[in-house]
Amino acid sequence: MNMKDKEQKGKRRRESGSEGRMKRGLPGVILAAFTAAVITYVVLLNVEKNALSAYEKTDCWVLAEALEKGTELTLDHMDSLFRQTQVDIRHIPQEAVTDPRTLVGSQAVMTIPAGSMITKAMFTPAVSYRAALDNPVIAGCKAEDLYQLVSGTLRGGDRIHIYTVDEEMGQAYLTWDNVMVYQAFDSSGNLIPPQDTVSAATRINVLLEEGNAELFYSELYRGSLRVVKLWE
């Protein structure tokens, strides 16, 4: 074998060894690439999950229509007044109402606009007021009966003190305190919503103890009753 043949044989041997090493290393390269791909996928999946969790939505209850201050909730309100919608979970307060049926028997402490998320702080048990009345009744009166009803500003849900005025003696006496205005009406007999700050109330309905109704109407007839509105 001449020198040239030896060199070619050595070259073939070196090339064969190099190809063998490449073939032996190929599975490792593939495994490393696969591992890197899996890690990248997991990382991207977590990034996406964290990004989506920041905008996670859940169901909550909102008002389908405006709710007037002092409105007492009954079972009849449940289907028409409330609806479910989805909002960002981060925007739901801890006091959010999860079941509107738990509000039956309560009343709104403020005028609540349509679309508002309902919370427990927006309502108070109406029975807490009626509990002090053995036999509550609704009594109505006109503006002139109660000296213009605080210039027509009374609205449903307001609380008033009712005084009896003795014009001969020039004195006034507190007759009923913390009386609830149940409803207020304008001159056309239309119910005035609490958020209406323009219309003048010409007639109101109030909640009284049944035993006080006779005295109430007797004093109305005499024109001796006056009211003051409790400041809120």
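Calculation notes
- Residues numbered from 1 in each chain as written.
- Predicted model: local features only at pLDDT ≥ 70, side-chain atom pairs only at ≥ 80, totals over all residues.
- Heavy atoms only, no water.
- Helix = DSSP H or I, 4+ residues; strand = E, 2+ residues; numbered from the N terminus.
- Buried < 20%, exposed > 50% of the residue type's maximum accessible area, 1.4 Å probe, protein only.
- Contact = heavy atoms within 4.5 Å.
- Areas by Shrake-Rupley, 256 points an atom, 1.4 Å probe, with all protein chains shown as cover.
- Core = buried A, V, L, I, M, F, W, Y, C linked by side-chain atoms within 4.5 Å.
- Pairing = 2+ DSSP bridges.
- Axes fitted to C-alpha atoms, helices over the stretch in contact; angles between N-to-C directions.

To continue, consider the overall build of the protein chain. In terms of helices and strands, the protein chain carries five helices and nine strands. Taken from N to C terminus, the helices and strands of the protein chain fall in the order α-β-α-β-β-β-α-β-α-β-β-β-α-β. Expressed as a percentage of the 232 residues in the protein chain, the buried residues total 32%. Counting contacts in the protein chain only where the partners sit at least 6 residues apart, residues at least 24 apart contribute 66% of the total. In the form shown here, the protein chain has an accessible surface area of approximately 15200 Å², with 55% of it arising from carbon and sulfur atoms.

For Ser-80, the position within the fold is in helix α2 (residues 77–81). In this structure, the C-alpha to C-alpha distance between Ser-80 and Glu-65, residues 15 residues apart in sequence, is 8.4 Å.

The next point concerns the nonpolar core. Formed by 21 residues in total, the largest nonpolar core has its most connected members in Leu-146, Ile-160, Ile-162, Ile-204, Val-206 and Phe-216. Elements with a minimum of two residues in this core: β5 (136–142), β6 (159–166), β7 (171–185), β8 (203–209), α5 (213–222) and β9 (225–229). The leading source of residues in this core is β7, at four residues. Those residues in contact with Phe-216 that lie beyond four places of it in its chain are Ala-139, Gly-140, Cys-141, Ile-162, Trp-176, Val-206, Leu-208 and Leu-225. Ranked by size, the runner-up nonpolar core spans 13 residues in total, among them Phe-82, Ala-108, Ile-112 and Phe-123.

Right, let's talk about the sheet that holds β9 for a bit. Here we have five strands laid out as an open sheet, ordered β5-β8-β7-β6-β9, and antiparallel in their pairing. Two strands close off the open sheet at either side, each with one partner strand: β5 and β9. Averaged over all adjacent pairs, the angle separating strand axes in this sheet is 40°, with direction ignored. When β6 meets β7, the two strands line up antiparallel, connected through seven bridges. When the sheet's bridge partners are listed, Arg-159 is paired in β7 with Met-180. The sheet strands contacting α5 are β5, β6, β7, β8 and β9, and the helix crosses β5 at an angle near 5°.

Checked against the element boundaries, Arg-83 lands in strand β2 (residues 82–88). Each residue touching Arg-83, except ones within four places of it in the same chain, is listed here: Cys-60, Trp-61, Val-62, Leu-63 and Ala-64.

For the rest of this paragraph, the subject is the environment of Phe-216. Residue position: Phe-216 is located in helix α5. Taking the C-alpha atoms as reference points, Phe-216 and Gly-140, 76 residues apart in sequence, are found 9.9 Å from one another.

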